[in-house]
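Results of the structural survey
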Amino acid sequence: MRVDTKHPLAERLLAVMDQKHHWAYPSLTKPGLSRSQLLVHFQHEYLVYVRDFPVLLARLLGETPPIDEVRRVFAENLYEEQTGGLSKSAPHPELFLRMMEGLGFSRSDFDESVASTLHPAAQSYRQLLREGSTRTPWQAGAALLTIFVEGSLNERAELDGRFARAKGEDAISRHPLVLHYGCPPSAMQLVRAHGDVEGGHRGDAWSAVLGHTPPELERDVVLACERALAAWHRYRDGVAERMGLHQRVSEAS
Ligand SMILES: [Fe+2]
């Protein structure tokens, strides 16, 4: 599905996505992290948004007006996230835990009981997502979840056709967790499922937001994503702090 990246709302949202980068990210794609550093990172990711992402989508779906094409996009996304039905795999939170087991962690490391130990900025971001999923206008919640949370720094390049995410076995064999941290490829079904389905979902998500946001609501949509970006940066700073990572002067922006 072709997305008009020159649409004024697309321009503003892409300007947000261009900033979805954190200085500590490169250390996650290189060798050198300890098991406990990896665990801190993944516990935060799982409890902040991975485990409940399908439910957040369900909440968003529950807020949408009767526009069939919009409801279909969110329902398909929800179906894949909560069942793995489109990629013929399993619920994505479950696939995440299998990846964690592949790294040698146990499921109990990801219990809700761990949530109280998350960095306060992580708890705030988690709360922002919960509240944002049902906030009006629904277009703001849609942009928050399906563009900001599911999207990445590569959003602009992906929509322009200049970036294609790695797929299938290639995506798995080159993944840092396999290359540097000993995760067996068989435990990487999550990456395979994302490669199989999410390219198409990106275009659908953008079309749902761009095609159904009247000009007078564009500000609400952009603001929701700008607030999320600020909270996300604080969240990532908090995780880096808990991992004991320090920003080098050359990385400061
Ligand atoms: Fe997913």
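A brief look at the structure comes next. This structure is a prediction, so every number in the text was calculated from the model and none was measured.

Digging into the packing of helix 8 (residues 138-149) against helix 13 (residues 218-243)
Remark: helix 8 packs on helix 13, axes separated minimally by 8 Å, with the N-to-C direction vectors making an angle of 45°. On the basis of their axis angle, the class for helix 8 and helix 13 is oblique. Read as a crossing pair, helix 8 and helix 13 show a hand that is right-handed. Counting all contacts with helix 8, which are made through Q139, A140, A143, L144 and F148, the residues of helix 13 involved are D220, V221, A224, C225, A228, L229 and W232. Here the residues of the contact of helix 8 with helix 13 sort into 10 nonpolar, one polar and one charged.

A few points about helix 7 (residues 120-132)
Between its first and last C-alpha atoms helix 7 spans 18 Å; for 13 residues at 1.5 Å apiece the expected length is 18 Å, and the two agree. Of the positions making up helix 7, those classed as buried are A121, A122, Y125, R126, L129 and G132. Projected down its long axis, helix 7 carries its buried residues within an arc of 145°, all on one side. Close packing links the buried residues of helix 7 with helix 3 (35-50), helix 4 (53-63), helix 8 and helix 13.

A short note on the coordination of the iron ion
Coordination of the iron ion by the protein comes from E81 (OE), E81 (OE), H92 (ND1) and H194 (NE2), over a distance range of 2.3 to 2.8 Å. Considering all four donor atoms around the iron ion, angles at the metal cover 49 to 166° and the coordination shape is irregular. Mapped onto the polypeptide sequence, the residues donating to the iron ion form the spacing pattern E-x10-H-x101-H. Taken together, the positions of H92 in helix 6 (residues 92-102) and H194 in helix 12 (residues 189-211) put the pair 102 residues apart, joining distant regions of the chain. Under the relative-accessibility criterion, H92 is labelled buried at 3%. When its relative accessible area of 24% is taken as the criterion, H194 is described as partly exposed.

Examining the side chain of R126
Mapped onto the secondary structure, R126 falls in helix 7. Apart from the residues within four sequence positions on either side, R126 is in contact with L47, V48, R51, E112 and A115.

Some details on the packing of helix 4 against helix 5 (residues 68-83)
Following both chains from N to C, one finds helix 4 and helix 5 inclined at 160°, their axes separated by 9 Å at the closest point. For the element pair helix 4 / helix 5, the angle class is roughly antiparallel. Seen from above, helix 4 lies across helix 5 with left-handed handedness. Two secondary-structure elements touch here, helix 4 through F53, P54, L57, A58, L60 and L61 and helix 5 through R71, F74, A75, N77, L78, E81 and Q82. Here the contact of helix 4 with helix 5 is built from residues that sort into nine nonpolar, two polar and two charged.

Quick notes on the pattern of salt bridges
If charged atoms from side chains of opposite charge come close, those side chains can pair. Applying the stated criterion across every chain, the model contains 16 salt bridges. A salt bridge links R51 to D52; the nearest nitrogen and oxygen atoms lie 3.0 Å apart. Taking relative accessible area as the criterion, R51 reaches 22% and is therefore assigned partly exposed. The salt bridge involving R202 is made with E155; its shortest N-O contact spans 2.8 Å. Within this pair, whereas R202 is found in helix 12, its partner E155 is found in helix 9 (residues 155-159), the two being separated by 47 residues in sequence. There is no split in this pair, since R202 and E155 are both buried. Salt bridges sharing partners connect three or more residues here, namely R51, D52, E112, R126 and R130.

Cut-offs used in this document
Within every chain, residues take consecutive numbers counted from 1 along the sequence as written. Thresholds applied to this predicted model are a pLDDT of at least 70 for local features of residues and 80 or more for the giving and counting of side-chain atom pairs; totals over whole chains, interfaces and linings are not thresholded and use all residues. In computing side-chain values, all of the structure's heavy atoms are included and hydrogens and water are not. Only C-alpha atoms enter the line fits that serve as axes; for helices the fit covers just the stretch in contact. Angles between N-to-C directions range over 0 to 180 degrees. Numbering of helices and strands starts at the N terminus; helices are DSSP runs of H or I of at least 4 residues and strands are runs of E of at least 2. Each angle is binned into one of four classes, with values under 35 degrees roughly parallel, values over 145 roughly antiparallel, values of 65 to 115 roughly perpendicular, and all other values oblique. For a crossing to be left-handed, the near helix must be turned anticlockwise from the far one by less than a right angle; the clockwise case is right-handed. It only takes one pair of heavy atoms within 4.5 Å for two residues to be counted as in contact. Here the nonpolar group is Ala, Val, Leu, Ile, Met, Phe, Trp, Tyr, Cys and Pro; Asp, Glu, Lys and Arg are the charged ones; every other residue, Gly included, is treated as polar. An expected span of 1.5 Å times one less than the residue number is assigned to each helix. A 1.4 Å probe rolled over the protein chains alone gives each residue an accessible area, and that area as a share of the maximum for its type sets the label: buried under 20%, exposed over 50%, partly exposed in between. This arc describes the spread of directions from the helix axis toward the C-beta atoms. Counted as donors are N, O and S atoms no farther than 2.8 Å from the metal, or 3.2 Å for Na, K and Ca; water is not among the atoms, and sites may therefore look incomplete. A four-donor site is called tetrahedral if each angle lies between 85 and 135 degrees; a four-donor site is square planar, and a six-donor site octahedral, when trans pairs exceed 155 degrees and the remaining angles lie between 65 and 115; all other cases are labelled irregular. Should a side-chain nitrogen of Lys or Arg be within 4 Å of a carboxyl oxygen of Asp or Glu, the pair is scored as a salt bridge.

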